[in-house]
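Fold and contact review
Single-letter residue listing:
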Amino acid sequence: VQLVESGGGMVHTGDSLRLSCAASRHTIRDYPMAWFRQAPQKEREFVATIDWNGGRTNYVDSVKGRFTVSRDNAKEMIFLQMNNLKPEDTAVYVCAAEHSWRSEPETSQYAYDSWGLGTQVTVSS
C-alpha cells in the first residue's frame, strides 16, 4: 500500500491543522492505522492509532484532548485533527498501516508495515 500525507504547515501556538493520509494500490479498510511523528534529533514517537472500523482510538498522553484521529474507509483515508497546537508538536507527521487483518492497533512502530513520507508541522510561539 502507498500512503501519502498532506495538510501540514506552519502555524502559531493555539492554531489547528487537519492532516490527511490517502492510501492507494491496496485497501486499508481492514487494517489498523496510526500516526507517528519525528522531531529533529529525536526518536520517532507514537501519536495516535485507530482500529479498522474507527471504533477504537488511542493517543499518546501529550496530545490527549487536543488531537483526534478518524478514518473514512470508503475513501481509503485517515485523518488527524490537531487543535491547540504547541511548539512541542513541531515534527514530521507520518501515517502507517499495520497489515494485520482487523487486529488491535499497536503503539510500537515495529508493528507497522507501510509508511508514508510524512508532512511537516511547524508550530511557532
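Refer to the structure above for everything that follows.
Residues numbered from 1 in each chain as written. Predicted model: local features only at pLDDT ≥ 70, side-chain atom pairs only at ≥ 80, totals over all residues. Heavy atoms only, no water.

Moving on, we come to the environment of glutamate 88. With respect to the element layout, glutamate 88 can be found in the loop between β8 (77-82) and β9 (91-97). Taking C-alpha positions, glutamate 88 is 9.8 Å from serine 125, a pair spaced 37 residues apart along the chain. (Helix = DSSP H or I, 4+ residues; strand = E, 2+ residues; numbered from the N terminus.)

With that settled, consider the state of the cysteines. Counted by the stated rule, this structure contains one disulfide. Paired by a disulfide, cysteine 21 and cysteine 95 hold their sulfur atoms 1.9 Å apart. Because the torsion about its S-S bond is 50°, the bridge between cysteine 21 and cysteine 95 counts as right-handed. One end of the pair, cysteine 21, is in strand β3 (residues 17-24); the other, cysteine 95, is in strand β9, with 74 residues separating them in the sequence. Judged by its relative accessible area of 0%, cysteine 95 falls in the buried class. (Disulfide = S-S within 2.5 Å. Buried < 20%, exposed > 50% of the residue type's maximum accessible area, 1.4 Å probe, protein only.)

Here the focus is the pairing of strand β5 (residues 45-50). Of all six residues that make up β5, five are buried, and the element is covered over most of its length. With five bridges connecting them, strand β4 (residues 33-38) and β5 associate as antiparallel partners. Note that in β5 the partner of methionine 33 across the bridge is isoleucine 50. Once β4 ends, the chain turns through six residues before running back antiparallel as β5, passing glutamine 41 with a positive phi of about 65°. (Pairing = 2+ DSSP bridges.)

This paragraph deals with unusual backbone geometry. Notably, arginine 25 is not glycine yet its phi reads approximately 70°, a positive angle. Note that arginine 25 resides in the loop between β3 and β4. Positioned with a positive phi, asparagine 84 is a non-glycine residue whose angle comes to about 50°. Within the element layout of this structure, asparagine 84 appears in the loop between β8 and β9.

A separate point is the sheet that holds β3. Reading across the sheet, the four strands line up as β1-β3-β8-β7 and stay open at both edges, with antiparallel pairing between neighbours. The open sheet terminates on both sides in strands that have one partner only, identified here as β1 (2-6) and β7 (67-72). Put simply, the sheet's adjacent strands are angled 15° from each other on average, direction ignored. Two strands pair when backbone bridges link them, and β1 and β3 are joined in this way by five bridges, in the antiparallel orientation. If you follow leucine 3 over to β3, its bridge partner there is alanine 23. (Axes fitted to C-alpha atoms, helices over the stretch in contact; angles between N-to-C directions.)

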